[in-house]
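Tertiary structure, described
Listed here are the chains, written in short residue letters.
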Amino acid sequence: MSLTSDPPVRPPVRPPAGTATDEEPAVQEYAALKVVPVRHPWRWVAVAATAVLLAQFLNGLVTNPGWEWDVFARFVTTETILRAVWITLQLTFYGTVIGFALGIVLAFMRLSASPFLRAVSYAYIWAFRSIPLIVQLLFWFNLAYLYKELEFGIPFGPGFVTFDTMNLVGAMSAAVLGLALHQAAYAAEIVRGGVLAVDSGQLEAAAALGIPRLRQLRRIVLPQAMRSILPNAANEIISLFKGTSIVSVMAIGELFYQVQVVYGRNGRVVPLLMVATVWYVLLTTALSVLQYYVERHYAKGAVR
């Protein structure tokens, strides 16, 4: 028995199967319409023009004798070039590892609550992003001109340990130091941007659960920040890899410098430049493939 004065609600009555309704004519009318896909004639014109230009370029690579592919094949895997590639990879590796290690420290200094640490980090980033890389490299290479010796001891007092800067910083050390310190300024901003991309509620929840601060950064913040850090970091590493060619001004035998030495002797400029180009393309492709798998690892749980 109903306790209210409202009339009972009856379920809607469906018409029996096979009975015509008002909606069926409209459904049949829409079903009879012919679906015509949208045509893109200018898209096909652009595809055809691009294909023709690409075919002409490839034809020129094969048929133009100026490329001198026989000279390219003779020098692309010589011992001199392979040794230069190894030096280029060493510069890239040391510059990346040291640069990003220092960049992480600088990033958290900028995120610190201490005004002094924030000011020091900002000043470092401002200075090393403002000074051109070639100037930094030449400065470290000529460090002995400014400072004959380095002393460690009491500030403004006597020194206990002395180093001769002439033998302390060689060409390779100056190149690694310049590349790493320059890279650290950019790495700091990349890491800082990735950390700021993580929702602050994550840290608040972790603090409420009593998780230590260091573990919050290592297990909660950084794994999520890596999704924002990795694309920009990979671009910086690839730029550093190609930017190692600038150390040729210090007569370091990296890839571009050795190519210059070889074509300075035999006069085959174009094929030797293609040797350097092919090596840069191959190694950059390998770094891009590595980037893809690392990004896929850190995208677990975010991309399904």
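To keep things clear, this report deals only with the structure shown in the data block. (Residues numbered from 1 in each chain as written. Predicted model: local features only at pLDDT ≥ 70, side-chain atom pairs only at ≥ 80, totals over all residues. Heavy atoms only, no water.)

**Section: the pattern of salt bridges**
Taken as a whole and judged by the stated rule, the model has 4 salt bridges. Put simply, Glu79 and Arg83 hold a salt bridge, and the shortest N to O gap is 3.2 Å. Residue Glu79 and its partner Arg83 are located together in helix 4 (residues 79-110), separated by 4 residues, close to a single helical turn. On the accessibility criterion, Arg83 (44% relative accessible area) is partly exposed. Across the salt bridge formed by Glu189 and Arg192, the nearest N and O atoms sit 3.0 Å from each other. Highlighted residues: Glu189 and Arg192, both in helix 9 (residues 171-196), separated by 3 residues, approximately one helical turn. Members of the salt-bridge network, linked through shared partners, are Arg110, Glu189 and Arg192. (Salt bridge = Lys/Arg side-chain N within 4 Å of Asp/Glu carboxyl O. Helix = DSSP H or I, 4+ residues; strand = E, 2+ residues; numbered from the N terminus. Buried < 20%, exposed > 50% of the residue type's maximum accessible area, 1.4 Å probe, protein only.)

**A few points about a nonpolar patch on the surface**
Taken together, Ile131, Ile134, Val135, Leu138 and Val249 make up a surface patch of nonpolar side chains, about 360 Å² in accessible area. Position of Val135 relative to the elements: it lies in helix 6 (residues 133-141). The exposure class assigned to Val135 is partly exposed, which follows from its relative accessible area of 44%. (Patch = residues over 30% accessible without salt bridge, like charges linked within 9 Å, V, L, I, M, F, W, Y side chains within 5 Å. Areas by Shrake-Rupley, 256 points an atom, 1.4 Å probe, with all protein chains shown as cover.)

**A look at the packing of aromatic side chains**
By convention here, two paired aromatic rings are described through the distance between centres and the angle between planes. In total, this model carries 7 aromatic pairs according to the counting rule given. Ring geometry for Phe93 against Tyr94: centres 5.6 Å apart, planes inclined by 65°, an arrangement best described as edge-to-face. When the centroid spacing of 5.5 Å and the interplanar angle of 70° are considered together, the rings of Phe241 and Tyr280 count as edge-to-face. With Phe241 in helix 11 (residues 213-243) and Tyr280 in helix 13 (residues 269-298), this pair connects stretches of sequence that are 39 residues apart. There is no split in this pair, since Phe241 and Tyr280 are both buried. Connected via pairs of aromatic rings, a cluster forms that spans Trp67, Trp69 and Phe72. (Phe/Tyr/Trp six-rings, centres within 6.5 Å; stacked < 30°, edge-to-face > 60°.)

**Some thoughts on unusual backbone geometry**
Positive phi outside glycine occurs at Glu68, with the angle close to 50°. Examined against the element boundaries, Glu68 turns out to sit in the loop between helix 2 (41-63) and helix 3 (69-75). Backbone geometry places Ala251, a non-glycine residue, at a positive phi of 60°. For Ala251, the position within the fold is in the loop between helix 11 and helix 12 (255-266).

**Description of the nonpolar core**
Counting 24 residues, the largest nonpolar core has Leu91, Tyr124, Leu179 and Val247 as its most contacted members. Looking at which element gives the most residues to this core, the answer is helix 9, with 8 residues. For Tyr124, the contacting residues outside a window of four places in its chain are Leu102, Leu106, Leu181, Ala184 and Ala185. In this structure, Val76, Leu272, Trp279 and Tyr280 belong to the second largest nonpolar core, which totals 18 residues. (Core = buried A, V, L, I, M, F, W, Y, C linked by side-chain atoms within 4.5 Å. Contact = heavy atoms within 4.5 Å.)

**Structural notes on the packing of helix 5 (residues 115-130) against helix 9**
Following both chains from N to C, one finds helix 5 and helix 9 inclined at 125°, their axes separated by 9 Å at the closest point. As the angle between them shows, helix 5 and helix 9 are arranged oblique. Remark: the crossing between helix 5 and helix 9 carries left-handed chirality. Between helix 5 and helix 9, the contacting residues are Tyr124, Ile125, Phe128 and Arg129 on the first element and Leu181, His182, Ala184, Ala185, Tyr186, Ala188 and Glu189 on the second. Of the residues in the contact of helix 5 with helix 9, the class split is 8 nonpolar, 1 polar and 2 charged. (Axes fitted to C-alpha atoms, helices over the stretch in contact; angles between N-to-C directions. Parallel < 35°, antiparallel > 145°, perpendicular 65-115°, else oblique. Left-handed = near helix turned anticlockwise from the far one by under 90°. Nonpolar A, V, L, I, M, F, W, Y, C, P; charged D, E, K, R; others polar.)

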